[in-house]
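A look at the structure
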Amino acid sequence: MPADDNELRSTEAFAEKEANAEDGSQDRQNQEDRGPDRLTRRAFVGTAAMASASLVSAANAFSQSRRDTMEGRTDDYASDPGPENKVLLDLNPDSNLPPFTDKGNPPPFWYSFDLTAKRLQGGGWTHQVTEREIAQSKDLAGVNMRLTSGSFRELHWHLADEWAIMLAGRARVSVMQPDGNMFIDDVERGDLWYFPAGYPHSIQGLEGPGCEFLLVFDQGDFSEDDTFLLSDLLAHIPPDVIQKNMGWTRQEWDQLPPEELYIFPAELPGPLEADKRFLGSRLETENQYTFHGALTLPTPHQTAGGSARVLDSTNFPVSKNIASAVVVLKPGAIRELHWHPNASEWQYWIQGKGRMTIVMTGPKARTSDFNAGDVGYVPNMAGHYIENTGTEDVIFLEMFRTHQYQSISVNEWISRMPDRMAQAHLRLPVSTIRRIPSSQLVVLPK
Ligand code: MN
Ligand code: MN
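Since the structure is predicted, the reported quantities are computational estimates derived from the model, not experimental observations. (Residues numbered from 1 in each chain as written. Chains lettered and ligands numbered in written order. Predicted model: local features only at pLDDT ≥ 70, side-chain atom pairs only at ≥ 80, totals over all residues. Heavy atoms only, no water.)

Some remarks on the overall build of the protein
For the protein, the helix and strand inventory stands at 14 helices and 24 strands. Looking at the protein as a whole, 48% of its 446 residues are labelled buried. A fraction of 76% describes how many contacts in the protein between residues 6 or more apart in sequence connect residues 24 or more apart. Within the structure as shown, the protein displays about 21,600 Å² of accessible surface, and the carbon and sulfur contribution to it stands at 54%. (Helix = DSSP H or I, 4+ residues; strand = E, 2+ residues; numbered from the N terminus. Buried < 20%, exposed > 50% of the residue type's maximum accessible area, 1.4 Å probe, protein only. Contact = heavy atoms within 4.5 Å. Areas by Shrake-Rupley, 256 points an atom, 1.4 Å probe, with all protein chains shown as cover.)

Digging into the coordination of the manganese ion (ligand 2)
The coordination sphere of the manganese ion (ligand 2) contains the protein donors His338 (NE2), His340 (NE2), Glu345 (OE) and His384 (NE2), at a distance range of 2.0 to 2.2 Å. Written as a sequence motif, the donor arrangement for the manganese ion (ligand 2) is H-x1-H-x4-E-x38-H. Taken as a pair, Glu345 in strand S18 (residues 345–351) and His384 in strand S22 (residues 383–388) lie far apart in primary sequence, 39 residues in all. For His384, a relative accessible area of 0% translates into the label buried. (Donors = N, O, S within 2.8 Å, 3.2 Å for Na, K, Ca; no water.)

Points about the coordination of the manganese ion (ligand 1)
The expected angle between donors at a tetrahedral four-coordinate metal is 109.5 degrees. At an octahedral six-coordinate metal it is 90 or 180 degrees. Within the protein, the manganese ion (ligand 1) binds to His156 (NE2), His158 (NE2), Glu162 (OE) and His201 (NE2); these donor distances fall in the range 2.0 to 2.2 Å. Coordination of the manganese ion (ligand 1) draws on donor residues from a single chain, spaced H-x1-H-x3-E-x38-H in sequence. The burial state of His156 is the same as that of His158; both residues are buried.

Regarding the environment of Thr402
In this fold, Thr402 is placed in the loop between strand S23 (394–400) and strand S24 (408–409). What makes Thr402 buried here is its relative accessible area of 12%. C-alpha separation for the pair Thr402 and Ser344, spaced 58 residues apart in sequence, amounts to 9.4 Å. If near-sequence neighbours (up to four positions away) are discounted, Thr402 is found in contact with Lys320, Asn321, Ile322, Ala323, Asn342 and Ala343.

Focus: the sheet that holds strand S17 (residues 334–339)
Spatial strand order, S20-S19-S22-S17-S24: 5 strands in an open sheet with antiparallel pairing. Both outer strands of the open sheet, strand S20 (364–371) and S24, are each paired with one neighbouring strand and no more. In this sheet, S24 lies alongside S17 in antiparallel orientation, the contact comprising 2 bridges. Counterpart to Trp339 in the pairing with S24 is Ile408. (Pairing = 2+ DSSP bridges.)

Regarding the sheet that holds strand S1 (residues 110–112)
Read from one edge of the open sheet, 7 strands run S1-S21-S18-S23-S16-S15-S14, paired in antiparallel fashion. The open sheet has two edge strands, S1 and strand S14 (302–303), and neither has a second partner. By the bridge criterion, 2 bridges tie S14 to strand S15 (residues 306–311) in an arrangement that is antiparallel. Bridge pairing in S15 links Gln302 to Ser307.

What to know about the side chain of Glu387
Looking at the element boundaries, Glu387 is found in strand S22. Only 2.7 Å separates the side chain of Glu387 from the side chain of Arg355, close enough to count as a polar contact. For Glu387, the contacting residues outside a window of four places in its chain are Leu329, Ala333, Ile334, Lys353, Gly354 and Arg355. (Polar contact = N/O pair within 3.5 Å; in protein donor to acceptor, adjacent residues only side chain to side chain.)

Observations regarding the pairing of strand S4 (residues 141–147)
In terms of residue burial, S4 counts as a mostly covered element, since 6 of its 7 residues are buried. Of the strand pairs in this sheet, strand S3 (residues 124–129) and S4 are connected by 6 bridges, and their pairing is antiparallel. The residue of S4 that forms the bridge with Thr126 is Met145. Relative to strand S10 (residues 211–217), S4 runs antiparallel, the two being bridged by 7 bridges.

Overview of the pattern of salt bridges
The tally for this structure, following the rule as stated, stands at 17 salt bridges. Close ionic contact of Glu224 with Arg153 constitutes a salt bridge, the shortest N to O distance being 2.8 Å. Highlighted residues: Glu224 in the loop between S10 and strand S11 (228–229) and Arg153 in strand S5 (residues 152–157), separated in sequence by 71 residues. Owing to a relative accessible area of 3%, Glu224 belongs among the buried residues under this scheme. Judged by relative accessible area, which is 1%, Arg153 ranks as buried. Between Glu387 and Arg355 there is a salt bridge, with the nearest N and O atoms lying 2.7 Å from each other. With Glu387 in strand S22 and Arg355 in strand S19 (residues 353–360), this pair connects stretches of sequence that are 32 residues apart. (Salt bridge = Lys/Arg side-chain N within 4 Å of Asp/Glu carboxyl O.)

Written out as structure tokens, the structure is:
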């Protein structure tokens, strides 16, 4: 059978599937609007009708450069008449039909909390995205946790520093310093906390719906199932030693939890002021382990396209090892093309829908799509942008294992190049080169 017949059969099967899937898809319409290189039903129907002719021209196209070939490709190359996971492909149009500029096969840099095993128990749940899910992500790991009203994440400590943002509801958090002073505060949506490694701490959901939050740890292989727990410690010290250490009898030791509590329901606490009064002179007031209003604080990085709020040790001094930026993008807006000279980037998507391309050495380049609840990863120094491809604002977090946020803007760099240097590299007229923004805007005005 001639190769052309195979191609034609694939084309027809694809046309049928496309036609079945088409109706009422706003997302697909959005993709159509995103550029001439996208597969579109309109374009496809036309292509199917002229399949034989286009096969001839496509064959000629293969003799041209890769850029020309892939930009000018006909849609039948992307047809998939066999099995496919339609739900996943609809979420990831840039995996289904990559932009022609993608190249090679960079390691995975997308995962979603909604694909992970959820540890569900009385009082709430937890799940995590770590180096086990995104193998290149050695610097940071994330945990997403829910505590119902009154429920505790058991008193504990761990090897990694803990950075957190409240996503919904309210919680009371506490942490004790090595000097014995205790910090305690209530946090709500958009508030942060930071607990250094080894400092014992607590989190308790408050009245109403309780809370949900994101934790980020400065250790890629962190596991939320691998923390030091108060219950474990006391259950595995001989009772006669407990009696010498605490003064509790064997009968009293028997009443301690025999195994971990981890997440568990409890009574709501009293007012914060009462807890502070109880601590008295042991209340820590110098070091501020919480930060209020991370989603609303004033920022110089604000344009018509959105905003970026940087939170690092310069404005949240206890966050010595983890820096962050909260980025908001209006529909269609982009977080400008840039890279970070001092750390890889771990992203958490709070709201909206967007896409990101990363360009690694080689070159290897890949574009991937993101939705709320997803995690993205950018290898150290790799160039990238983020585009809002949805209809509502995108809100996402850029997280770094460093004390200070830094980024390099490609526009700013080009604008600093003397004319001949810029022209020699870009092969464009100077007047064209000088149209770009002359400074780092972070989020571009649309
Ligand atoms: Mn913790
Ligand atoms: Mn970035």
